[in-house]
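Residues per chain are reported as follows:
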Amino acid sequence: MLAPWTRQFLELALEHRALRFGQFTLKSGRISPYFFNAGAFCDGRSLHLLAQCYADAIVASEIEFDVVFGPAYKGIPLAATVADQLYRSHGINPGFAYNRKEAKDHGEGGLTVGAPLRGRVLLVDDVISAGTAIAESLALIRSAGAQPVAVAVALDRQERGIDARSAVQTLRDDGLKIIHLASLNDLVAWLEDRDSDTGRLGQMIEYRRQFGA
């Protein structure tokens, strides 16, 4: 049974062509039958609805946190709008922060902008692929003396990396909770419910068989 925010997110992603089907060469060299690009949520309505999905999923997870952190660059607008939606819809008022790609040596200086990194930190990003960007953010948060407790992403591709584990599983093994709006399994189940294109569904299932973690 798919969660309400999962269905809403997938419909929204399809509507805005953030979710596309076809043949796409990934950075890993794999040929994927689908592609997700959170940058396609580029107007007020779509970003508002996306943030609403994130906020609902985060609250349902019952994770406790003090600061929402957005890794540069795509994580910045996501974390900002999610923090806003957490307050608007759920009465939760976390701090909000993000990192710079390069340290600023004038003005307020430093690598981060916004709320101080302290207490429990929730990272918000679009997807986790190899996990490199997330690892850099975790190191930054820990170096500030804060505790990363969870990562919220729009899509968990559930693909194995260089070993049998996915990047998400590696994070879980490190003690982090993972919150996703949808996973590859959710995407397959959603297509089974709504899609008359059996060829596309078959490609998704075969891709999961080959590369699923």
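Residues numbered from 1 in each chain as written. Predicted model: local features only at pLDDT ≥ 70, side-chain atom pairs only at ≥ 80, totals over all residues. Heavy atoms only, no water.

(A) Local environment of the packing of helix H2 (residues 44–61) against helix H3 (residues 75–90). Viewed as axis vectors pointing N to C, H2 and H3 meet at an angle of 65°, and their least axial separation amounts to 8 Å. Classified by the angle their axes make, H2 and H3 are roughly perpendicular. Judged by the sense of rotation from one axis to the other, the crossing of H2 with H3 is right-handed. Along the contact surface, H2 presents Leu-47, His-48, Leu-50, Ala-51, Gln-52, Tyr-54, Ala-55, Asp-56, Ile-58 and Val-59, while H3 presents Leu-78, Thr-81, Val-82, Gln-85, Leu-86, Ser-89 and His-90. Tallied by class, the residues present in the contact of H2 with H3 amount to 10 nonpolar, six polar and one charged. (Axes fitted to C-alpha atoms, helices over the stretch in contact; angles between N-to-C directions. Helix = DSSP H or I, 4+ residues; strand = E, 2+ residues; numbered from the N terminus. Parallel < 35°, antiparallel > 145°, perpendicular 65-115°, else oblique. Left-handed = near helix turned anticlockwise from the far one by under 90°. Contact = heavy atoms within 4.5 Å. Nonpolar A, V, L, I, M, F, W, Y, C, P; charged D, E, K, R; others polar.)

(B) A look at the packing of helix H1 (residues 4–15) against helix H6 (residues 184–194). Across the interface, H1 lies against H6 with an axial gap of 11 Å and an inter-helix angle of 75°. When the interaxial angle is binned, H1 and H6 end up roughly perpendicular. Each of Thr-6, Arg-7, Leu-10, Glu-11 and Leu-14 in H1 lies in contact with H6, whose residues at this interface are Asp-186, Leu-187, Trp-190, Asp-193 and Arg-194. Per-class residue counts for the contact of H1 with H6 are four nonpolar, one polar and five charged.

(C) Main features of the pairing of strand S3 (residues 67–70). The alternating pattern of S3 places Val-67 and Phe-69 and Val-68 and Gly-70 on opposite faces, both of which are buried. Taken together, the three bridges between S3 and strand S6 (residues 120–127) define a ladder with parallel strand orientation. Opposite Phe-69, over in S6, you have Leu-123 as the bridge partner. (Buried < 20%, exposed > 50% of the residue type's maximum accessible area, 1.4 Å probe, protein only. Pairing = 2+ DSSP bridges.)

(D) Examining the UniProt feature "binding site: orotate" (unreviewed entry) in the protein chain more closely. Taking the numbering used here, the UniProt-annotated feature "binding site: orotate" (unreviewed entry) corresponds to Phe-35, Phe-36, Ser-129 and Arg-157. Checked against the element boundaries, Phe-35 lands in strand S2 (residues 31–36). For Phe-35, a relative accessible area of 29% corresponds to the partly exposed category. If we skip the residues at most four places from it in the chain, Phe-35 touches Ala-18, Leu-19, Arg-20, Phe-24 and Leu-26. Relative to the assigned elements, Arg-157 resides in the loop between strand S7 (147–156) and helix H5 (167–173). Aside from chain neighbours lying at most four places away, what touches Arg-157 is Leu-26, Ser-32, Tyr-34, Leu-184 and Tyr-207. (UniProt positions renumbered as here; feature names shortened; annotations may be inferred.)

(E) Seen up close, the pattern of salt bridges. For the coordinates displayed, the defined rule picks out 10 salt bridges. Across the pair Arg-30 and Glu-159 runs a salt bridge whose closest N-O atoms are separated by 2.8 Å. In this pair, Arg-30 is assigned in the loop between strand S1 (19–25) and S2 and Glu-159 in the loop between S7 and H5, connecting sequence segments 129 residues apart. Given a relative accessible area of 16%, Arg-30 falls into the buried group. Judged by relative accessible area, Glu-159 falls into the buried class, the value being 12%. For Asp-84, the salt bridge is made with Arg-88, and the minimal N-O distance between the two is 2.8 Å. Of the two residues, Asp-84 and Arg-88 are both situated in helix H3; the distance of four residues between them amounts to about one turn of the helix. Residue classification places Asp-84 among the partly exposed positions, given a relative accessible area of 35%. Because the salt bridges share partners, they merge into one network encompassing Arg-30, Arg-157 and Glu-159. (Salt bridge = Lys/Arg side-chain N within 4 Å of Asp/Glu carboxyl O.)

(F) Local environment of the side chain of Asn-99. Note on placement: Asn-99 falls in strand S4 (residues 95–104). In this structure Asn-99 comes out as buried when scored by relative accessible area, which is 14%. At a separation of 2.8 Å, a polar atom in the side chain of Asn-99 contacts the main-chain amide nitrogen of Ala-72. Ignoring sequence-local partners within four residues, the contact set of Asn-99 consists of Phe-69, Gly-70, Pro-71, Ala-72, Ile-76, Leu-111, Thr-112 and Leu-140. (Polar contact = N/O pair within 3.5 Å; in protein donor to acceptor, adjacent residues only side chain to side chain.)

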